[in-house]
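So you can see what is in the structure, the chains are spelled out below.
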Amino acid sequence: MTTDNLNNKATSEQEIIEIVAKQHDYFKSGATKSYQSRSDNLQKLKAALIKYETEMHVALKQDLGKPEFESYLSETGFTLHDLSTTLSKLKSWMKPKWRMTALLTQPGSSRIYYSPLGVNLIIAPYNYPVMLTFAPLIAAMAAGNTAVIKTSEMTPACSAIIRKIISETFAPEYIAYIQGEVNETTILLQQKFEHIFFTGSPRVGSIVMSAAAKNLTPVTLELGGKSPCIVHDDAKLDIAVNRIVSSKFLNAAQTCVAPDYVLVHKSLKETFLNKIKARIIKVYGKDASTSPDFARIVSDNHFQRICGLIDQKKVIVGGQSNAATRYIAPTVMRDVTLADKVMSDEIFGPVLPVLEYETLDEVYNIVDQLPHHPLACYLFSESKAVQQEIINTIQSGGACINNCIFHAGNHHLPFGGVGESGMGAYHGFDGFECFSHKKGVLKSASWMDNPLTYAPYGNKINLLRK
Ligand code: NAD
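From a predicted model like this one, the values you see are computed outputs, not experimental measurements. Residue positions are given per chain, counting from 1 as you read along its sequence in written order. A pLDDT threshold of at least 70 governs which residues receive local features in this predicted model, and a stricter bar of 80 or more applies before side-chain atom pairs are shown or counted, although totals over entire chains, interfaces and linings include all residues.

**Examining the overall build of the protein chain**
Part 1 of the argument: Comment: elements are numbered from the N terminus, with helices defined as DSSP H or I runs of at least four residues and strands as E runs of at least two. The number of helices and strands found in the protein chain is 15 helices and 18 strands.
Part 2 of the argument: C-alpha atoms define the radius of gyration, and 2.2 Å times the number of residues to the power 0.38 defines the globule rule. Here the C-alpha radius of gyration of the protein chain, 25 Å, is about what a compact globule of 466 residues would show, namely 23 Å.
Part 3 of the argument: Summarising its shape, the C-alpha atoms of the protein chain cover approximately 80 × 60 × 40 Å along the three principal directions.
Part 4 of the argument: Field definition: a residue is buried when 20 or more other C-beta atoms are found within 10 Å of its C-beta, exposed when 12 or fewer are, and partly exposed for counts in between, with C-beta atoms placed from the backbone. In the protein chain, which comprises 466 residues, the share counted as buried stands at 45%.
Part 5 of the argument: Counted over contacts in the protein chain with a minimum sequence separation of 6, partners at least 24 positions apart contribute 68%. Contact between two residues is assigned when their C-beta atoms, built from the backbone, lie within 7 Å.

**Some remarks on the environment of Gly417**
Part 1 of the argument: As for its placement among the helices and strands, Gly417 is situated in the loop between β16 (398–401) and β17 (422–423).
Part 2 of the argument: Along the sequence, Gly417 and Glu222 sit 195 residues apart, while their C-alpha atoms lie 6.3 Å from each other.
Part 3 of the argument: Excluding residues that lie within four positions of it along the chain, Gly417 makes contacts with Glu222, Leu223, Gly225, Leu375, Gly397, Gly422 and Met423.

**Thoughts on the UniProt feature "domain: Aldehyde dehydrogenase" (unreviewed entry) in the protein chain**
Part 1 of the argument: UniProt positions are given in the numbering used here, feature names are shortened, and annotations may be inferred rather than shown by experiment. The positions that UniProt labels "domain: Aldehyde dehydrogenase" (unreviewed entry) are, in the present scheme, residues 10–439.
Part 2 of the argument: Annotated as 43% helix and 17% strand, the span residues 10–439 places its first and last C-alpha atoms 38 Å apart.

**Points about the site of the ligand**
Part 1 of the argument: Lining the immediate surroundings of the ligand are 26 residues, of which Pro125, Gly200, Val204, Gly224 and Cys256 lie closest.
Part 2 of the argument: When contributions to the shell around the ligand are tallied by element, the ones reaching two or more residues are α7 (182–189) and α8 (202–214). Only the C-beta atom, placed from the backbone, is used; a residue is near a molecule or strand if that atom lies within 6 Å of it.

**A few points about the packing of helix α9 (residues 237–249) against helix α10 (residues 269–284)**
Part 1 of the argument: Axis geometry follows a simple rule: fit a line to the C-alpha atoms, using only the stretch in contact for helices, then measure angles between N-to-C directions, giving values from 0 to 180 degrees. One can describe the packing of α9 onto α10 by two numbers: an axis separation of 10 Å at closest approach and a directional angle of 50°. Classified by the angle their axes make, α9 and α10 are oblique. The chirality of how α9 crosses α10 is right-handed. Between α9 and α10, the residues in contact are Leu237, Asp238, Val241, Asn242, Ile244 and Val245 and Thr271, Phe272, Lys275, Ile276, Arg279, Ile280 and Val283, respectively.
Part 2 of the argument: Here the nonpolar group is Ala, Val, Leu, Ile, Met, Phe, Trp, Tyr, Cys and Pro; Asp, Glu, Lys and Arg are the charged ones; every other residue, Gly included, is treated as polar. Taken together, the residues that form the contact of α9 with α10 break down as 8 nonpolar, 2 polar and 3 charged. Angles below 35 degrees are treated as roughly parallel, those above 145 as roughly antiparallel, those between 65 and 115 as roughly perpendicular, and all remaining angles as oblique. Working rule for handedness: look at the near helix, and if it is turned counterclockwise from the far one by less than a right angle, call the crossing left-handed; if clockwise, right-handed.

**Concerning the domain arrangement of the protein chain**
By a frequent convention, interface size equals the accessible area lost on bringing the separate parts together.
Part 1 of the argument: Per the domain assignment, the segments of the protein chain are domain 1 (13–223 + 421–441) and domain 2 (228–412).
Part 2 of the argument: Residue ranges labeled as domains rest on an automatic or database domain assignment. Centre-to-centre separation of domain 1 and domain 2, based on C-alpha positions: 30 Å.
Part 3 of the argument: Of the residues lining the interface, 19 residues belong to domain 1; the matching set on domain 2 comes to 18 residues.
Part 4 of the argument: Breaking the side of domain 1 that touches domain 2 down by element, the ones donating at least two residues are α3 (53–64) and α4 (68–94).
Part 5 of the argument: Ranked by the residues each element gives to the side of domain 1 that touches domain 2, the list is headed by α4, at 5 residues.

**With respect to the confidence of the model for the protein chain**
Part 1 of the argument: Residues at a pLDDT of 70 or more form 98% of the protein chain, whose mean pLDDT is 96.
Part 2 of the argument: Scored as a complex, the prediction yields pTM 0.96 and ipTM 0.97. pLDDT expresses how confident the predictor is about each individual residue, on a scale running from 0 to 100.

**Side note on the sheet that holds strand β1 (residues 97–99)**
Part 1 of the argument: Paired strands, as defined in this entry, are two strands with at least two bridges between them according to DSSP. Taken together, 3 strands build an open sheet; the order of strands is β1-β2-β18 and the sheet is antiparallel. Of all the strands in the sheet, just β1 and β18 (436–444) have a single pairing partner and so form its edges. Each neighbouring strand pair of the sheet contributes to a mean axis angle of 30°, computed without reference to strand direction.
Part 2 of the argument: Pairing analysis gives 3 bridges linking β1 to strand β2 (residues 108–116), with the strands arranged antiparallel.

**Observations regarding the pairing of strand β8 (residues 228–231)**
Part 1 of the argument: Burial along β8 is two-sided: Pro228 and Ile230 facing one way and Cys229 and Val231 facing the other are all buried.
Part 2 of the argument: Relative to strand β9 (residues 261–265), β8 runs parallel, the two being bridged by 4 bridges. The residue bridging Ile230 from the neighbouring strand is Leu263, located in β9.
Part 3 of the argument: With α9 bridging β8 and its parallel neighbour β9, the resulting β-α-β unit is right-handed.
Part 4 of the argument: Bridge count between β8 and strand β15 (residues 376–380): 3 bridges; the pairing is parallel. Looking at the pairing, Ile230 lines up with Leu379 of β15. Classification remark: right-handed applies to a crossover when, strands pointing away from the viewer, the course from the first strand over the helix to the second runs clockwise.

**Things to note about unusual backbone geometry**
Backbone geometry follows two general trends: most residues other than glycine have a negative phi, and most peptide bonds adopt the trans configuration.
Part 1 of the argument: Between Gln106 and the following residue, Pro107, the backbone shows a cis peptide bond with an omega angle of -10°.
Part 2 of the argument: With respect to the helices and strands, Pro107 occurs in the loop between β1 and β2.
Part 3 of the argument: Cis rather than trans, the peptide bond between Ala455 and Pro456 has omega equal to -5°.
Part 4 of the argument: For Pro456, the location among the structural elements is in the loop between β18 and α15 (461–465).

**A closer look at the UniProt feature "active site" (unreviewed entry) in the protein chain**
Part 1 of the argument: Under the present numbering, the feature "active site" (unreviewed entry) in UniProt falls on Glu222 and Cys256. Across 35 residues of sequence, these annotated residues stay compact in space, with a maximum C-alpha separation of 9.1 Å.
Part 2 of the argument: By the element assignment, Glu222 lies in strand β7 (residues 219–222).
Part 3 of the argument: The residues touching Glu222, leaving out its near neighbours within four places in the chain, are Phe198, Thr199, Gly416, Gly417 and Gly422.
Part 4 of the argument: Among the secondary structure elements, Cys256 is positioned in the loop between α9 and β9.
Part 5 of the argument: On the basis of neighbour counts, which here come to 28 C-beta atoms within 10 Å, the residue Cys256 falls in the buried class.
Part 6 of the argument: With sequence-adjacent residues up to four places away left out, Cys256 is seen in contact with Gly224 and Leu375.

**Overview of the environment of Leu90**
Part 1 of the argument: Within the secondary structure layout, Leu90 lies in helix α4.
Part 2 of the argument: By C-beta crowding, Leu90 is classed as partly exposed, having 19 other C-beta atoms within 10 Å.
Part 3 of the argument: When the C-alpha positions of Leu90 and Lys236 are compared, they lie 40 Å apart, and in sequence the two are 146 residues distant.

Written out as structure tokens, the structure is:
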């Protein structure tokens, strides 16, 4: 079996079957379970990530035109921070957690034990190839699992460096990299895993879930959706504009939690539009194609798809594009309605539609009419009552008040979708839990025997009713 995978040849079906079988054997050997082995392996990964940080930045530039700052902020730096947090907390995460013991089961004690799931399949998307491969991998390793990794064919330079890191650092019976495209993923999905962790589109998420159902394999699905950003009439507008521009146009808006569209209160609309236009020009210059701080679209197909969403009659800033470099300018469209093409699906590109509203009921109505439960919801408002109402009313995976996307950067919060934007959550302890089975264990005392549930029952039923 070819296990170094360092050529560009797709991993064959036979190799995939052998890798998965070897991982099952390796997991059963118990080698991944102790605190020491988890910690040692995470340290090895940390050393490799530090060693190859520059190469990862170069690859991210090549595949997505990512500025180095963004690569560090949202890919390598994020991953290393996640890894350091995991290493520092792992011992306490692994400790069994005490729970109350119900009267019927007294005398005794109750605890949750975290046991690893087994062999995991991790499928990553193209937009944050480093972070969205390694963040779930770190959680899987911390929880004592083995893992098979499949990255996106759309980011070949990143895939090559990820493959190199994994192949150089780990034996394939522990962590394996699968080289390939949809065909290889399809073969992978036919294998028996104990858990599949998928990050990507709702369309492919549904394919993954159907395949997993055949083996009754549990899935975590980290998907997308149209995340609204509400700018209420009492918002601090300059703060809102700064934060919306930086979070929307990060990675040329190829971010699952990017604010997809803005709902601005009618009373602020014109000021908001003027300010956002001025801000974009200030940050990226009059011609953003010359800015060192603005990324490119990953593929020709996505470039064409995003260009097709722009209605030039509604553009107030941006609208330019260059197919040769897959550049699409940071673009804002005004007076957008639900009938516009840009509102039909997740945009996943640097086009920001702005819609107006007068009452919060209009906001709820608009969000309800869109196809997916949003992955995130953002609100700019100083009113505690409005903040609470939005949190209670709009069903979204996560949310930020007076900010966008940064809830995903806080390792202490669970990150995941709801409804069509996904199922399950990870990051920090929630990641450890995501890749663990929570085994509920009752330990009964043997210094006495409680005869309450033993026959003959007589009228013991009355004791139970008390
Ligand atoms: P995608 O669904 O096209 O691809 C994701 C992965 O699935 C890739 O590795 C790809 O090779 C594989 N794949 C593609 N078609 C397949 C098929 N038919 N069968 C099996 N596997 C297949 O997603 P993408 O375009 O790479 O990423 C963008 C999407 O991912 C957006 O919808 C975005 O919102 C979502 N996303 C979600 C999160 C999150 O954390 N919730 C993060 C990043 C991206």
